[in-house]
Amino acid sequence: MGNDGSADGAGATRTVDGGSGRGSSSSGAAAGRRTRRVRMTGKERREQLLDVGRALFAERGFEGTSVEEIAHHAGVSKPVVYEHFGGKEGLYAVVVDREMRSLLEMVTSALTGGHPRELLEQAAFALLDYIEQSTDGFRILVRDSPVAQSTGTFASLISDIATQVEDILGLEFKQRGFDPKLAPMYAQALVGMVALTGQWWLDVRSPQKADVAAHLVNLAWNGLSGLEPRPRLIGHRKS
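What counts as what
- Residues numbered from 1 in each chain as written.
- Predicted model: local features only at pLDDT ≥ 70, side-chain atom pairs only at ≥ 80, totals over all residues.
- Heavy atoms only, no water.
- Helix = DSSP H or I, 4+ residues; strand = E, 2+ residues; numbered from the N terminus.
- Buried < 20%, exposed > 50% of the residue type's maximum accessible area, 1.4 Å probe, protein only.
- Contact = heavy atoms within 4.5 Å.
- Areas by Shrake-Rupley, 256 points an atom, 1.4 Å probe, with all protein chains shown as cover.
- Polar contact = N/O pair within 3.5 Å; in protein donor to acceptor, adjacent residues only side chain to side chain.
- UniProt positions renumbered as here; feature names shortened; annotations may be inferred.
- Expected span 1.5 Å × (residues − 1).
- Core = buried A, V, L, I, M, F, W, Y, C linked by side-chain atoms within 4.5 Å.
- Arc of directions from axis to C-beta.

As annotated in an unreviewed UniProt entry, the protein chain carries the name TetR family transcriptional regulator and is attributed to Streptantibioticus cattleyicolor.

What follows is the structure, encoded as structure tokens:
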């Protein structure tokens, strides 16, 4: 058992430059190059597996990624992955949890107050910044989660972020004579609009980030500024 608690036969080491190992007449220097290994602590190995898993989940999705592939890209054997995470599901859960916390922290720290329209700008930029800086992370979050995964879905992501802004909306509604009990619904609608637009922008990356934010706020703010206290349906259907 190595320092990383692994069972990969080489302890806390992995081969960096493998070579064929044929023949016994190779020089000591050449053999050293072929068998040179890098030692990792348990924490370092865990972080390495998380980085490898994150990249593969972003590229291929949960179902398209196997433990064998994770182990291969990390240069370890399958038991090492099971030792640290209990399997692919455990590794995926940690990756998703980290991405959720990272995005929520970005949104929360971005909402620094000021004019309500500026708050909308801050929220839009926070999500677009995250997409730009953590593209792999966002790809993982917007993919379908495993059936057994109860958290970390795109819907739960929107809900968590909406919770951060519904109190702000509630205060604005109250000041303007609207029903503050409707703030959670409007928060879901506004955050959903930004998140889905961000999902589209993830691949097209056009127009530029600032322009996307400006147009999102234009739609949201001008829609909110003309909000009716008691909206009515004009069609025949009433229920």
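There is more to say after this.
Counting secondary structure elements, the protein chain contains ten helices and two strands. Ordering the α and β elements of the protein chain from the N terminus gives β-α-β-α-α-α-α-α-α-α-α-α. Counting every position in the protein chain, which comprises 239 residues, the buried fraction comes to 40%. In the protein chain, once contacts between residues fewer than 6 apart in sequence are set aside, the share between residues at least 24 apart is 65%. Per element, the accessible surface of the protein chain, about 13,700 Å² overall, is 52% carbon and sulfur.

Next up on the list: the side chain of Thr65. Along the polypeptide, Thr65 turns up in the loop between helix 2 (42–60) and helix 3 (67–74). Within polar-contact distance, the side chain of Thr65 engages the backbone oxygen of Leu56 at 3.3 Å. A polar contact of 2.8 Å, which involves the side chain of Thr65, links it to the backbone oxygen of Gly61. Setting aside chain neighbours within four positions, we find Thr65 in contact with Leu56, Phe57, Arg60, Ile70 and Lys88.

Moving on, we get to the UniProt feature "DNA-binding region" (unreviewed entry) in the protein chain. The residues that UniProt annotates with the feature "DNA-binding region" (unreviewed entry) are residues 66–85. A helix fraction of 80% and a strand fraction of 0% characterise residues 66–85, whose end C-alpha atoms lie 14 Å from each other.

Moving on, we get to helix 5 (residues 88–110). In this model helix 5 runs 33 Å from its N-terminal to its C-terminal C-alpha over 23 residues, within 8% of the 33 Å that 1.5 Å per residue would give. For helix 5, the set of buried residues is Lys88, Leu91, Tyr92, Val95, Val96, Glu99, Met100, Leu103, Leu104 and Val107. The elements touched by buried residues of helix 5 are helix 2, helix 3, helix 4 (78–85), helix 6 (116–133), helix 7 (135–142) and helix 8 (154–175).

On to unusual backbone geometry, then. Residue Ser206 is joined to Pro207 through a cis peptide bond whose omega torsion reads 0 degrees. Turning to its location among the elements, Pro207 is positioned in the loop between helix 9 (183–204) and helix 10 (209–225). Phi angles above zero are rare outside glycine, and Arg205 is one such case at about 50 degrees. Tracing the chain through its elements places Arg205 in the loop between helix 9 and helix 10. You can call Arg205 partly exposed: its relative accessible area is 33%.

Take the nonpolar core next. Judged by nonpolar contacts, the single largest core of 61 residues is most densely connected at Leu49, Ile70, Leu103 and Phe138. In terms of residues, this core owes the most to one element, helix 9, which gives nine residues. Excluding anything up to four places from it in sequence, Phe138 contacts Leu127, Tyr130, Ile131, Phe154, Ala195, Gly198, Gln199 and Leu202.

For Ala162, the location among the structural elements is in helix 8. Residue classification places Ala162 among the buried residues on the basis of a relative accessible area of 0%. Along the sequence, Ala162 and Leu190 sit 28 residues apart, while their C-alpha atoms lie 8.0 Å from each other. If we ignore the near neighbours within four places in the chain, the residues touching Ala162 are Ala187, Gln188 and Val191.

Here we come to helix 10. Along an α-helix, residues three or four apart share an orientation, since each turn contains 3.6 residues. Along its 17 residues, helix 10 runs 24 Å from first to last C-alpha, staying within 8% of the 24 Å computed at 1.5 Å per residue. If you check which residues of helix 10 are buried, you get Lys209, Val212, Ala213, Leu216, Val217, Ala220, Trp221 and Leu224. Along the long axis of helix 10, the arc covered by the buried residues comes to 145 degrees, so they all point the same way. Facing away from the buried surface of helix 10 by more than 90 degrees, the exposed residues are His215 and Leu219.

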